[in-house]
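Structural features, examined
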Amino acid sequence: MAGALWQMAAPGTRLRSLYEAHPELTHALVDVEPQLTRIVTALLRGMCAPTPATRPSVPPRGGPVLPESIRGL
């Protein structure tokens, strides 16, 4: 991730010259730190999110869903 962002943030000499000659293209430049922070934060939140195996079982709203054969017993 960092490598790809760095390539966009620190273009080579020829590309830098192009950006200097045509400032309307500078939108392609990326500020690495906030982008990388956002990506790593999302990654860590996803990795730390509870999974079905670790999440406590909570019955759906209205109580547990019972098989039709035993409802009303």
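Heads up: these notes are all about the structure in this document. Everything quoted here is computed from the prediction, not taken from an experiment. (Residues numbered from 1 in each chain as written. Predicted model: local features only at pLDDT ≥ 70, side-chain atom pairs only at ≥ 80, totals over all residues. Heavy atoms only, no water.)

A word on the overall build of the chain
- Of regular secondary structure, the chain possesses three helices and zero strands.
- Expressed as a percentage of its 73 residues, the buried residues of the chain come to 7%.
- A total of about 6400 Å² of accessible surface is found on the chain, and carbon and sulfur atoms cover 62% of it. (Helix = DSSP H or I, 4+ residues; strand = E, 2+ residues; numbered from the N terminus. Buried < 20%, exposed > 50% of the residue type's maximum accessible area, 1.4 Å probe, protein only. Areas by Shrake-Rupley, 256 points an atom, 1.4 Å probe, with all protein chains shown as cover.)

Details of a nonpolar patch on the surface
- Judged by side-chain polarity, Met 1, Ile 39, Val 40, Leu 43, Leu 44 and Met 47 come together as a nonpolar surface patch covering roughly 550 Å² of accessible area.
- According to the relative accessible area criterion, Leu 43 is partly exposed, its value standing at 42%. (Patch = residues over 30% accessible without salt bridge, like charges linked within 9 Å, V, L, I, M, F, W, Y side chains within 5 Å. Salt bridge = Lys/Arg side-chain N within 4 Å of Asp/Glu carboxyl O.)

Section: the packing of helix H1 (residues 2–9) against helix H3 (residues 32–48)
- Where H1 contacts H3, the two axes come as close as 10 Å, and the packing angle between them is 155 degrees. One finds that H1 runs roughly antiparallel with respect to H3. The interaxial crossing formed by H1 with H3 has right-handed handedness. Across the interface between the two elements, Ala 2, Leu 5, Trp 6 and Ala 9 from H1 touch Val 32, Gln 35, Leu 36 and Ile 39 from H3.
- In terms of residue class, the contact of H1 with H3 is made up of seven nonpolar, one polar and no charged. (Axes fitted to C-alpha atoms, helices over the stretch in contact; angles between N-to-C directions. Parallel < 35°, antiparallel > 145°, perpendicular 65-115°, else oblique. Left-handed = near helix turned anticlockwise from the far one by under 90°. Contact = heavy atoms within 4.5 Å. Nonpolar A, V, L, I, M, F, W, Y, C, P; charged D, E, K, R; others polar.)

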